[in-house]
Amino acid sequence: VRYSLVGENGQPSDAFTIDSSGFIRVERPYDYESQERNTVDLTVVALQTVSGTTLENNASVSVSIIDINDNGPIFEQSQYDETKREDVANNTFILQVKATDADSGPNAVVEYSLYDTEHFYIETVRENNGSYIGVIRVLKHLDFDRPPGPNYRFKVVATDQGAGSLSSEASV
């Protein structure tokens, strides 16, 4: 029996191959995010010659491509700056940050956290369009006269929720 694969366009598949035992393999990397569809429909053509007569049979195969966590979140800005008075109340909104992840499903869900600060906290909020933002608020009293000076500098980290989570950071 000889096998071949035909793609949806009626031409031999360039993304998949089939070996002499009928095992289908991926021929080249398939990037989930760059495809319009993530299902590939193929036709397996099986040919066998018996007593000088070639017999043919076809079978339809549908290959579903599943996204892997191969993209990390990317912040809209690498540096965020904001100015507030020192007498702002706790829970006062400071600023909003946003990172997007090109993956899909849980691989694209972004959670935010802060590092190097005890004066602020961040909430992850899901917007109506499905994207995630980080809302930074005052946790405890700000002090203009504190050492080392009036500026508060810290890091915000965006981490996706996919297997083998990926992250990036921005400065505030």
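Residues numbered from 1 in each chain as written. Predicted model: local features only at pLDDT ≥ 70, side-chain atom pairs only at ≥ 80, totals over all residues. Heavy atoms only, no water.

Asker: Can you help me understand the environment of Val26 in this one?
Answerer: For Val26, the position within the fold is in strand 3 (residues 24-26). The sequence separation of Val26 and Thr100 amounts to 74 residues, and the corresponding C-alpha distance is 29 Å. Not counting chain neighbours up to four residues away, the residues in contact with Val26 comprise Ala15 and Phe16. (Helix = DSSP H or I, 4+ residues; strand = E, 2+ residues; numbered from the N terminus. Contact = heavy atoms within 4.5 Å.)

Asker: Even after reading the chapter, I still don't get the sheet that holds strand 11 (residues 155-160), so can you show me in this structure?
Answerer: Read across the open sheet, the 3 strands follow the order 8-11-12; overall the sheet is antiparallel. Each edge of the open sheet is held by one strand with a lone partner, namely strand 8 (110-115) and strand 12 (167-171). Going across the sheet, the axis of each strand differs from the next one's by a mean of 25°, ignoring polarity. Here 5 bridges tie strand 11 to strand 12, and the two strands are oriented antiparallel to one another. Bridge pairing links Thr159 to Ser167 in strand 12. (Pairing = 2+ DSSP bridges. Axes fitted to C-alpha atoms, helices over the stretch in contact; angles between N-to-C directions.)

Asker: What is the right way to look at the nonpolar core in this model?
Answerer: Taken as a class, soluble globular proteins show a tendency for nonpolar side chains to be buried jointly. Counting 22 residues, the largest nonpolar core has Phe75, Val97, Tyr112, Phe120, Ile136 and Val156 as its most contacted members. The set of elements that each furnish at least two residues to this core consists of strand 7 (93-100), strand 8, strand 9 (120-126), strand 10 (132-138) and strand 11. With 4 residues, the top contributor of residues to this core is strand 7. If near-sequence neighbours (up to four positions away) are discounted, Val156 is found in contact with Phe75, Val97, Tyr112, Ser113, Leu114, Ile122, Ser168, Glu169, Ala170 and Val172. (Core = buried A, V, L, I, M, F, W, Y, C linked by side-chain atoms within 4.5 Å. Buried < 20%, exposed > 50% of the residue type's maximum accessible area, 1.4 Å probe, protein only.)

Asker: How should the side chain of Asp67 be read in this particular structure?
Answerer: With respect to the helices and strands, the residue Asp67 is situated in the loop between strand 5 (53-64) and strand 6 (74-75). Nearest to the buried, unbridged Asp67 among oppositely charged side chains is Arg126, at 14 Å. At 2.7 Å, the side chain of Asp67 forms a polar contact with the backbone nitrogen of Ser104. Only 3.5 Å separates the side chain of Asp67 from the side chain of Asn107, close enough to count as a polar contact. Sequence-distant contacts of Asp67, defined by excluding residues within four places in its chain, comprise Tyr32, Glu33, Asp103, Ser104 and Asn107. (Lys, Arg positive; Asp, Glu negative; His and termini not counted. Salt bridge = Lys/Arg side-chain N within 4 Å of Asp/Glu carboxyl O. Polar contact = N/O pair within 3.5 Å; in protein donor to acceptor, adjacent residues only side chain to side chain.)

Asker: Before we go on, may I ask you to explain the environment of Lys84 in this structure?
Answerer: Topologically, Lys84 is positioned in the loop between strand 6 and strand 7. Along the sequence, Lys84 and Ser51 sit 33 residues apart, while their C-alpha atoms lie 88 Å from each other. Setting aside chain neighbours within four positions, we find Lys84 in contact with Phe93 and Ile94.

Asker: Would you take a moment to explain the sheet that holds strand 4 (residues 39-50) for this structure?
Answerer: Ordered in space as 1-4-5, the 3 strands form an open sheet in which the pairing is antiparallel. Only two strands of the sheet have a single partner each, and these edge strands are strand 1 (2-6) and strand 5. Recorded for the sheet is a direction-independent mean angle of 25° between the axes of neighbouring strands. Note: strand 4 against strand 5, 12 bridges, orientation antiparallel. Bridging from a neighbouring strand, Leu47 pairs with Glu56 of strand 5.

Asker: Is there a simple way to explain the packing of aromatic side chains in this structure?
Answerer: Tallying each qualifying case throughout the model produces 4 aromatic pairs. Seen from their ring centres, Phe75 and Tyr112 are 6.2 Å apart, and the 55° between their planes marks the pair as tilted. Here the residue Phe75 occupies a position in strand 6, and Tyr112 occupies one in strand 8, the gap between them amounting to 37 residues. Overall, the relative accessible area of 10% leaves Phe75 in the buried class. Each residue in the set Phe75, Tyr80 and Tyr112 is aromatic and connected to the rest through ring pairs, giving one cluster. One residue, Arg146, lies across the ring of Tyr152, its end atom 3.7 Å from the ring centre. (Phe/Tyr/Trp six-rings, centres within 6.5 Å; stacked < 30°, edge-to-face > 60°. Lys NZ or Arg CZ within 6 Å of the ring centre and 35° of its normal.)

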